[in-house]
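The lines below spell out each chain.
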Amino acid sequence: MSGYRLPNPARGAPLRFSFDGRPFVGHQGETLAAALLANGERVVARSFKYHRPRGIYGIGLEEPNAIVTIDDQPHALATRVGLRDGLTARAVNAWPSARFDLRAIHDVFGRLLPAGFHYKTFMGPGRGWNLYEGFIRRAAGLGRIAAAPMQWRTQAQHAHGDVLVVGAGPAGIAAALTLARAGCRVVIADDGAYPGGAEADGAGVLIDGRDADSWFAAATAELDAMPFVRRLADALVTGLYDHGFATAIERQPKAGLDQRLWKLRTRAVVLATGAIERPMIFVNNDRPGVMSLAAVRGYAERYGVACGRNVVVFANNSAAYADAAALKRLGVGVSAIVDPRRVIASDAIACVSALGIAVIAAHAVIEIAGRSVEGVSIAPVENLDAMRALDCDVLAVSGGWTPLVHLHSHAGGRVAHDPALSAFLPVADSRAVWSAGACAGRLGFADALADGARVGAIAARALGRHAEPLDIDDVIVRDAFALDLESSFESPRREPGGKAFVDLAADVTAEDLRLAAREGYDSVELMKRYTTAGMALDQGRHANANAIAVLAGARGDTPGAVGTTTYRPPFAPIAFGTIADRTGQRLVPFRTTTLTRWHQEARAVMYDVGGGWRRPGYYPRVGQSLDEAVAHECRICRAKAVIYDSSPLGKIEIKGRDVVTFLERLYTNRWTDLAPGMGRYGMMLFEDGRVFDDGVVFRLAPDHFLIHTTTGNAEAALQRLEYHRQIVWPELDLRLLPVTTQWADIVLCGPQARDILAAVGTDLDLSREAFPFMALRSGKVAGISARVMRVSFTGELSFEIHVAARQAEQLWLALLEAGRAHGIAPLGSEANHVLRIEKGFISVGHEADGVADPFDLGMKWIVAMDKSDFIGKRSLLRNQRDPAPRPQLVGLLAPDPSIVLPEGAQILDAAGARGRGYVTASCMSPTLQRSIALALLEDGRKLLDSEVRLFTPSGETMNARVTRPIFFDPKSERMRG
Amino acid sequence: MLLVTCPFCGPRNENEFVCKGETVTRPAQPAALDDAAWTAFLYLRDNTKGRHEEHWWHKHGCRQWFRAMRNTADNRFTP
Amino acid sequence: MRYSIWSLARNALTRHAHWPRAWRDPPLQKSYDAIVIGAGGHGLATAYYLAKRHGLTRVAVLEKSWLGGGNTARNTVTIRANYLREPSVRFYAESIKLWEDLSQELNYNVMFSQRGQIDLVQSWAKLRDLKRRQATLRLVGVPFDIITPAQVQARIPALDLANSTRFPVLAASWHPTAGIARHDAVAWGYARAADALGVDIIQNCEVTAIRRSGGRIVGVETIRGSVDAPKVALAVAAHAGVLAASAGLRLPIETVPLQAFVSEPLKPMLDVVLNIPQLQTYLSQSDKGELVIGGGADGYPSYVARGSFALVEDIVAAMISLFPALARVGFLRQWAGNIDVSHDITPIISRLPIDGFFVSAGWGSGGFKAIPIGGVALAHLMATGKPLPAAEHLGFARFETGRLLFETAGASNRS
């Protein structure tokens, strides 16, 4: 009635584990599935939709039923979980347990739940779906995520080579040997612990007189000894991507690591991925006890576990006869083979008959009566009236073999249907990707071995190497019968009704597929999406071939005409944690300056800003709020002096004979008249006229400039400059050098700035006459070589000091020391924001918001329209002819000076229905002791001194008066001092 | 992940580069273009499915721009 | 046959043997009053509204492959209106209104789940941007709130805010009328309804060229022969440029790959749509239990429906930073489509410079949410010659005046 252990002295140590709360004993080296079978467990799962009881069907990745939750892993295949002491596993999708599941009621309502039922109902009343959705969602889904996840230790590693060989069965090993001996650098990956491939292949095989195990052992030792061969075991190649890139997941690569993600890049790929067995289609073919024949054989061979005492085989091909014979020889009771074929090869029949297995030809299993296999009903294919019962406790099915063509298809390979195998095979193309062995339709050990050697030689030649033939004379396989497949077989039915499953994992029946075709969802993709066949956890590995055959039958077409759905990575699920190699602070790189540590020690609140930089937002003293800290920093700046770190601002040096020509084309400004030692605020536009970036440009020498960009655009600016230098105007003589991180950029500004600079010690003449506004001087500051520029973003007297980055802290501390008596304080970006609003200075990303051009911003003084051309000029001319109102920079004042107009507030049109502008920047000004704001407003300059109505983010309306966009020191006398 | 061949550094992973897209020639005399031609330069693209001439920048490498020919229907570069 | 619980129950008695086809498989006629190229969500919706609202039923939708098989089939199905530009907000808000009654209108359950969307704010710059959006949305009448991290945690218990140390969550937006729907069902629902009104949906009928006679459209060339029509609309996403080229036109779009992927199906753990703009990642949970996850586009033009695994790594890392419990959950399947990104990331519904030629393109990564309004708008334009007022801003004229509507949400454009 159930599984048991075959006598076997060579078992591993006993282990205890529990399943659905019940204790069991297993052995080291077994999978959870093997141990459950050995303990006679039949019902280990409930199906996805109908919650029908299910047993273990397969032995590896082809398993569609036995999904369990282990510790904090919601979904594991019981056939791939290695047993360990104390393992606790629960069936998913079943409550309270697989054996007794309350949702089994779904099966009763099965007829109301055909494929696509949910599209035909749940539409009302009103927002109907939301009412029903909760129930559907709770019924759907499999496992739960863990409340307290355990640590998942993973690592990513790269490997490169000439060729990746996927699979270490006979084809893969033969290809790898051929390639490695020819001198290629080989990476070979196999999902198993050791080479050999599908275990059933090896038994009864002699290669030049040696048994398969020892041949594989010798081949493996040879490959492992070669320095240019990397062999990965327990490593499943999950995806093939463009240009020879592949991913593989290695399980338990070493102590302390759970999984390793391999990122492989090779010039060529040889796929020896094998094939998996196909189920048979008949009513109630999902009952516990129905298993893949290859799996039943595998449990006996590998684990010494008999899945039942009386196995009946239902197969439509002769290769199954070899498996049945092997199974019998291993000591498992096999009583009969039910075979729908009328004509069966005599050697196959003779082989099994000699072992006492009856062959019931031209018969099919019609249905299974009970809730578990306690016998099957069989009948002659042409006469269902002669149906009778056949006793058995396991029905081992073999409906043919499906080559695994996933990797071939991932990166663009095509497949074509082969009627003899009733399977889709890879079509060769011009990519350096070849398939060998069972996955190319060469089933059987000898054929696979020869094919691997052949393909290996082809690949070697493509890589420019000469390969010798493999030195194998003779391969003998004990029972090797040609496949002789009767194409995908569906048993006839005695009466309509009953569920014959095609996709066990998605609970999709043959009738569902025919319903889809009837309703017009008859292309293979529509069928898949409508019925969900092939969309479950196993992505249809066991089911798709049969589904295509059933659909073809429904359409009166060939499977080749139906085609396949798209194969997509990963071949099997990959734990997200294995892919996400970056955690914590390493999620995205961030950049710091040599002063960042000082900012943090000064308890600055750090912000993430553009370009990946971290900058100090404000420096709150104990108990200070953001507004209080900002007001304090602003007051100090306008009354005394502040110091801030401007290092992340982009800096690029440009040198060459044609530098002025180049800059005049890139910027809106004139540069020819800029004297060496002087600077000018410059602006760059996109070709369509919008502001791209701004910054001060200094002329160091007639042919040598230093430009500044905004922090966020530093990389984009360099990219654009290089593009125009190398591609657009390669005839110009100039070179670019990015120096953003080489120079630290410390700004000292405020009325006391000059005094502090003198106090810290400098050889520069700081007088107004010698060092005017916008000049650049080189010399020493605090004993450090520096370039000093009189540039101001705050509107106060300001010195921007550039020193080598490694000397920044030294200068910073020296300035703080020298400025202490003057009341110096550090300034953050929040206060900087307030100070520039007071001055009406635009900020890229705020007022230059990706829409406005410089005329919109009231900056016609920066645009030298008399230049023959510069980037953006042609579009500015177009904009000037635009009759529609353009957004213009204005200031806004709230009637109540204590109310700060919210940033982002929309300015309403006259009708009050739509927006015609918005507040770009707003703050409480400590200098003016009232709120101020900047805004972009359509035709704003025509509306000066008038009232506008605002609509705030919180949904209120308020008034404001339009004013000029400058609030403090309109003649900028303070910064020019 | 594409393997992009920088003419100076050899084949490197795609994430070392920035792809600007199809090659576009900046008009020598923008002022001479009428609005329709200027609009075409600014916004209209061939967006070819097939042989696609494009510009790449080796951002995390030699900082050189180069032209490449790639088939956008199968991602294969032709030398 | 009308779909309902009653017809479902009745048909159950006869083992579902008598369900009629959801749409016919009609022969290709020699001429139509209008042709829509592309049986994706937009194309099918357009055909439906041409028939339903404008009485135009001699209409064909020509599809090169299986209906709904383009980007509609590959969708991550986010439906929202939280855009930056006011005309865009109005447009998508109209779409949401149509979504709310769509299943009833089509008599097909598109599974529109108005579950709301949360956008995490992880930088002060993004908080500023958010306030501007909030003002615009509220002005248009779309409910939109700013909520605290604690409120986010209450809505998404599985989120581990403490784990997100690289970019601490400062605040979030709450967009209650946003949601998701079942992508295939939308295509199928519109197809069935359009077919019922007499529209011919012709699959496996690739259009190879547009036929023009001087300044007029006269029809199309297909693999099954020539077809005449005075009005032809392109609703083909990535291939819009390819077809436009056959008429001698170029479009302001670039075709790039866009990836997405799903997790294994889980019991409910995420009841809202979650957007993480700082990390260019977003996710929701389908009714089947799979987490549907997407991010930004790959960085090069391509018609290959494949992208870089490195981008998947970035998106997964972003997701794990907020949901460390997902580390042991399986990445089940990834796929990609090809999106047509317009120069300003804002779509185009417009007449083209050939009489009778229309285009709906440039939807980029945001076309799904607009299927209903996009269909209404293109149908209106085709039938009346004038743009729908809510879609006026989407016309081609903005490229001529330079008054583009830059929208930073969605896949990026390299200028």
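As the structure is a prediction and not an experimental result, all values here were calculated from the model.

Caption draft 1: Spatial organisation of empty space enclosed by the protein. Here the structure, examined in full by the defined rule, presents eleven cavities of 30 Å³ or more. Approximately 320 Å³ is the volume found for the largest cavity. Lining the largest cavity we find 26 residues, and of these His406(A), Gln539(A), Gly540(A), Asn544(A) and Tyr567(A) sit closest to its centre. Secondary-structure elements contributing two or more residues to the lining of the largest cavity are strand E27 (401–403), strand E29 (423–426) and helix H14 (544–555) of chain A together with strand E17 (330–342) of chain C. Grouping the constituent residues of the lining of the largest cavity by class yields twelve nonpolar, nine polar and five charged. Contributing to the lining of the second largest cavity are 19 residues, with Phe48(A), Pro64(A), Ile67(A), Leu142(A) and Ala505(A) lying nearest its centre.

Caption draft 2: Molecular detail of the interface of chain C and chain A. The partner chain A presents 114 residues to the 103 residues of chain C that form the contact. When the two sides are added together, the surface that chain C and chain A hide from each other amounts to roughly 9,700 Å², 55% of it contributed by carbon and sulfur. Contact with chain A buries area across many residues of chain C, yet Arg166(C), Lys267(C) and Arg328(C) alone supply 10% of it, more than any other trio. Inspection of the region where chain C meets chain A yields twelve salt bridges. Ionic pairing is found between Asp608(A) and Arg166(C), a salt bridge with its closest N-O pair at 2.9 Å. One can count 61 residue pairs in polar contact (both at pLDDT 80 or more) joining chain C with chain A. Class assignment of the residues belonging to the side of chain C that touches chain A gives a composition of 49 nonpolar, 26 polar and 28 charged.

Caption draft 3: Here's a closer look at the interface of chain B and chain C. Taken together, the contact between chain B and chain C spans 23 residues of the former and 27 residues of the latter. Summed over both partners, the interface of chain B with chain C comes to about 2,100 Å²; 51% of that surface belongs to carbon and sulfur atoms. Linking chain B to chain C there are one salt bridge. One can count nine residue pairs in polar contact (both at pLDDT 80 or more) joining chain B with chain C. Of all the secondary-structure elements, those providing two or more residues to the side of chain B that touches chain C are strand E3 (18–22), helix H1 (35–43) and strand E4 (51–57) of chain B. With four residues, the single largest contributor to the side of chain B that touches chain C is H1(B). Grouping the amino acids of the side of chain B that touches chain C by side-chain chemistry returns nine nonpolar, seven polar and seven charged.

Caption draft 4: Quick peek at the sheet that holds strand E22 (residues 358–361) of chain A. Residues and elements named next belong to chain A. Spatially, E18-E26-E20-E21-E22 is the arrangement adopted by the five strands of the open sheet, whose pairing is parallel. The sheet terminates laterally at strand E18 (290–292) and E22, the two strands that pair on one side only. Along the sheet, successive strands turn relative to each other by an average axial angle of 25°, direction set aside. This element, helix H8 (residues 319–329), spans strand E20 (311–315), strand E21 (334–339), E22 and strand E26 (394–398) of the sheet and lies at about 170° to E21.

Caption draft 5: Examining the packing of aromatic side chains more closely. In this structure the tally under the stated criterion is 50 aromatic pairs over all chains. Here the aromatic rings of Trp215(A) and Phe216(A) are separated by 5.2 Å at their centres, their planes lie at 80°, and the arrangement is edge-to-face. In terms of burial, Trp215(A) and Phe216(A) fall into one category: buried. Consider the rings of Phe91(C) and Trp363(C), whose centres lie 6.2 Å apart with planes at 20°: the pair is stacked. Remark: Trp363(C) occurs in the loop between strand E19 (357–361) and helix H10 (371–384) and Phe91(C) occurs in helix H3 (residues 86–100); sequence separation between them is 272 residues. Here the aromatic cluster, defined as three or more aromatic residues joined through ring pairs, consists of Tyr119(A), Tyr521(A), Tyr530(A), Tyr3(C), Trp19(C), Trp23(C), Tyr108(C) and Trp188(C). The side chain of Arg54(A) reaches across the aromatic face of Phe501(A), ending 5.0 Å from its centre. Lying across the ring of Phe167(C), Arg166(C) places its NZ or CZ 4.2 Å from the centre.

Conventions we followed
Residues numbered from 1 in each chain as written. Chains lettered and ligands numbered in written order. Predicted model: local features only at pLDDT ≥ 70, side-chain atom pairs only at ≥ 80, totals over all residues. Heavy atoms only, no water. 1 Å grid on protein atoms, 1.4 Å probe; cavity = no way out; pocket = protein on both sides within 12 Å on 5 of 7 lines; lining within 4 Å. Points joined across faces, edges and corners; volume = space filled by probe spheres on them. Helix = DSSP H or I, 4+ residues; strand = E, 2+ residues; numbered from the N terminus. Nonpolar A, V, L, I, M, F, W, Y, C, P; charged D, E, K, R; others polar. Contact = heavy atoms within 4.5 Å. Buried area = accessible area lost by both parts, 1.4 Å probe. Salt bridge = Lys/Arg side-chain N within 4 Å of Asp/Glu carboxyl O. Polar contact = N/O pair within 3.5 Å; in protein donor to acceptor, adjacent residues only side chain to side chain. Pairing = 2+ DSSP bridges. Axes fitted to C-alpha atoms, helices over the stretch in contact; angles between N-to-C directions. Phe/Tyr/Trp six-rings, centres within 6.5 Å; stacked < 30°, edge-to-face > 60°. Buried < 20%, exposed > 50% of the residue type's maximum accessible area, 1.4 Å probe, protein only. Lys NZ or Arg CZ within 6 Å of the ring centre and 35° of its normal.

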